[in-house]
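Structural overview
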Amino acid sequence: GAVVSQHPSWVICKSGTSVKIECRSLDFQATTMFWYRQFPKQSLMLMATSNEGSKATYEQGVEKDKFLINHASLTLSTLTVTSAHPEDSSFYICSAIRTSQETQYFGPGTRLLVL
Amino acid sequence: EDQVTQSPEALRLQEGESSSLNCSYTVSGLRGLFWYRQDPGKGPEFLFTLYSAGEEKEKERLKATLTKKESFLHITAPKPEDSATYLCAVQAGGQNFVFGPGTRLSVLP
């Protein structure tokens, strides 16, 4: 199966600081990566879709200036939460696919706590 | 608008007590239906992909089936380690997936 990693697995930061989360596809090239947010006991909420070398497509209601996404290579996408606030505390999960026909393979998630 | 619902919201079973989880969907042009398992604090783990009505797939104690309106995940003789949240997702015309809210399964020893 395809392996996707995320780093860090958890992070605690002060309000107003920025946090970068990395998502890597370890054994395949990902044409597309997705970023999700998940609140406790709720399902996944798609934040944005990123394709290598192009700007990310954000879902309605997601601030692109607050959640910066960079998909610099076929194996790496980053999500930067800028000027984080306590309400940004959540579980962030990335996923990657090789082609539009295949399933998404998910990373293990990053738990963010903003104090 | 593409929609996915799952039922029940939560299910408690005794070990060995077989049951089924439901995923109902309304999409324009289904490209694929996906089942995932998610343990607390972890990312979803891929289980099955179904592409057309009538298709079935099995893996150990799990069996997924698909009709034109819904999919079932059958769990035969579950064990406590099968306890998790089971997520259903559909892929329609675009590349995005629409996820259902999930079913939280608890299997008691």
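Residues numbered from 1 in each chain as written. Chains lettered and ligands numbered in written order. Predicted model: local features only at pLDDT ≥ 70, side-chain atom pairs only at ≥ 80, totals over all residues. Heavy atoms only, no water.

**Examining the overall build of chain A**
Quick reminder of the rule: Helix and strand definitions follow DSSP, with helices as H or I runs of at least four residues and strands as E runs of at least two, each counted in order from the N terminus. Every radius of gyration here is taken over C-alpha atoms, with the globule rule written as 2.2 Å times N^0.38, N being the number of residues. Values of accessible area rely on a 1.4 Å probe in the Shrake-Rupley scheme; residue burial ignores everything except the protein chains shown.
Secondary structure assignment for chain A yields zero helices and eleven strands. Counted from the first residue to the last, chain A has its helices and strands arranged as β-β-β-β-β-β-β-β-β-β-β. Rg of the C-alpha trace for chain A: 13 Å, near the compact-globule value of 13 Å for 115 residues, within the 12% margin. A total accessible area of about 5600 Å² is found for chain A, and carbon and sulfur atoms account for 53% of it.

**Comments concerning the sheet that holds strand E3 (residues 19-26) of chain B**
Each strand in a sheet pairs with another by means of backbone hydrogen bonds, the pair being arranged parallel or else antiparallel. Residues and elements named next belong to chain B. Stated formally: By this definition, two strands are paired if DSSP reports at least two bridges between them. Lines fitted to C-alpha atoms define the axes here, with helix axes fitted over just the stretch in contact, and angles between the N-to-C directions of these axes take values from 0 to 180 degrees.
As summarised here, the arrangement of the five strands in space is E1-E3-E8-E7-E6, forming an open sheet in which the pairing is antiparallel. Taken across any chain shown, the strands that pair with only one partner, and hence form the sheet edges, are strand E1 (3-7) and strand E6 (56-59). Sheet twist, expressed as the mean angle between neighbouring strand axes with direction ignored, is 15°. Where E3 and strand E8 (residues 70-75) come together, six bridges link them in antiparallel fashion.

**Description of the state of the cysteines**
All names here are of chain A. Formally: The disulfide definition used here is simple: a pair of cysteine sulfur atoms within 2.5 Å. Partly exposed residues are those whose accessible area sits between 20% and 50% of the maximum for their type, while under 20% is buried and over 50% is exposed, using a 1.4 Å probe and protein chains only.
In this structure the tally under the stated criterion is two disulfides over all chains. Here cysteine 23 is linked by a disulfide to cysteine 94, with a sulfur-sulfur distance of 2.0 Å. Between cysteine 23 and cysteine 94, the disulfide has an S-S torsion of 80° and is therefore right-handed. With cysteine 23 in strand E3 (residues 19-25) and cysteine 94 in strand E9 (residues 90-97), this pair connects stretches of sequence that are 71 residues apart. For the pair cysteine 23 and cysteine 94, a shared accessibility class is recorded, and that class is buried.

**Some words on the interface of chain A and chain B**
Quick note on the threshold: It only takes one pair of heavy atoms within 4.5 Å for two residues to be counted as in contact. Each of two parts loses accessible area, computed with a 1.4 Å probe, when they are put together; buried area is these two losses added. Salt bridges are defined by distance alone: a side-chain nitrogen of Lys or Arg within 4 Å of a carboxyl oxygen of Asp or Glu. For this analysis, a polar contact is any N or O atom pair within 3.5 Å, provided that within protein one partner can donate a hydrogen and the other can accept it, and provided that sequence-adjacent residues contribute only side-chain to side-chain pairs.
Tallying the contact residues gives 22 residues for chain A and 20 residues for chain B. Surface buried jointly by chain A and chain B totals about 1600 Å² across both partners, of which 49% is contributed by carbon and sulfur atoms. Linking chain A to chain B there are zero salt bridges. Remark: the boundary between chain A and chain B carries five residue pairs in polar contact (both at pLDDT 80 or more). Breaking the side of chain A that touches chain B down by element, the ones donating at least two residues are strand E4 (32-38), strand E5 (45-51) and E9 of chain A.

**Here's the deal with the pairing of strand E7 (residues 67-73) of chain A**
Residues and elements named next belong to chain A. In this structure, E7 lies alongside strand E8 (residues 76-81), joined through five bridges in antiparallel fashion. When the bridges of E8 are listed, leucine 68 appears paired with threonine 80. Linking E7 to E8, which pair antiparallel, is a turn of two residues.

**Details of the nonpolar core**
Convention followed: By nonpolar core is meant a set of buried Ala, Val, Leu, Ile, Met, Phe, Trp, Tyr and Cys residues that side-chain atoms within 4.5 Å join together.
Formed by 26 residues in total, the largest nonpolar core has its most connected members in Val4, Trp35, Phe67, Leu79, Tyr92 and Leu112 of chain A. If near-sequence neighbours (up to four positions away) are discounted, leucine 79 of chain A is found in contact with Val19, Lys20, Ile21, Trp35, Phe67, Leu68, Ile69 and Tyr92 of chain A. Membership of the second largest hydrophobic core comes to 22 residues, among which are Leu11, Trp35, Leu47 and Phe48 of chain B.

**Comments concerning the packing of aromatic side chains**
For clarity, the threshold we go by: The aromatic pairing rule takes the rings of Phe, Tyr and Trp, using the six-membered ring of Trp, and pairs them if the centres are within 6.5 Å, calling planes under 30 degrees apart stacked, those over 60 edge-to-face and the rest tilted.
A complete count under the given rule lists twelve aromatic pairs over all chains for this structure. Judged by centre distance (5.1 Å) and plane angle (90°), the ring pair of phenylalanine 106 of chain A and tyrosine 36 of chain B falls under edge-to-face. Here the residue phenylalanine 106 of chain A occupies a position in strand E10 (residues 105-106), and tyrosine 36 of chain B occupies one in strand E4 (residues 32-38), the pair thus bridging two chains. For the pair formed by phenylalanine 106 of chain A and tyrosine 36 of chain B, the shared burial category is buried. Arranged with centres 6.1 Å apart and planes meeting at 70°, the rings of tyrosine 36 of chain B and phenylalanine 46 of chain B form a pair that is edge-to-face. Here tyrosine 36 of chain B, found in strand E4, pairs with phenylalanine 46 of chain B, found in strand E5 (residues 45-50); they are ten residues apart in sequence, far enough to count as distant. Note on tyrosine 36 of chain B: relative accessible area 0%, which makes it buried. Of the aromatic side chains, those joined through ring pairs into one cluster are Phe28, Phe34, Tyr36, Tyr105 and Phe106 of chain A together with Phe34, Tyr36, Phe46, Phe97 and Phe99 of chain B.

**Side note on unusual backbone geometry**
Residues histidine 7 of chain A and proline 8 of chain A are joined by a peptide bond in cis, for which omega reads 0°. The topology assignment puts proline 8 of chain A in the loop between strand E1 (4-7) and strand E2 (10-13). Here the bond from serine 7 of chain B into proline 8 of chain B is cis, since omega is -10°, no more than 30 degrees from zero. Take proline 8 of chain B: it is sitting in the loop between E1 and strand E2 (10-14). Positive phi, close to 45°, is recorded for alanine 77 of chain B, a residue that is not glycine. For alanine 77 of chain B, the location among the structural elements is in the loop between E8 and strand E9 (84-91). Alanine 77 of chain B gets classed as partly exposed once you look at its relative accessible area, which sits at 36%.

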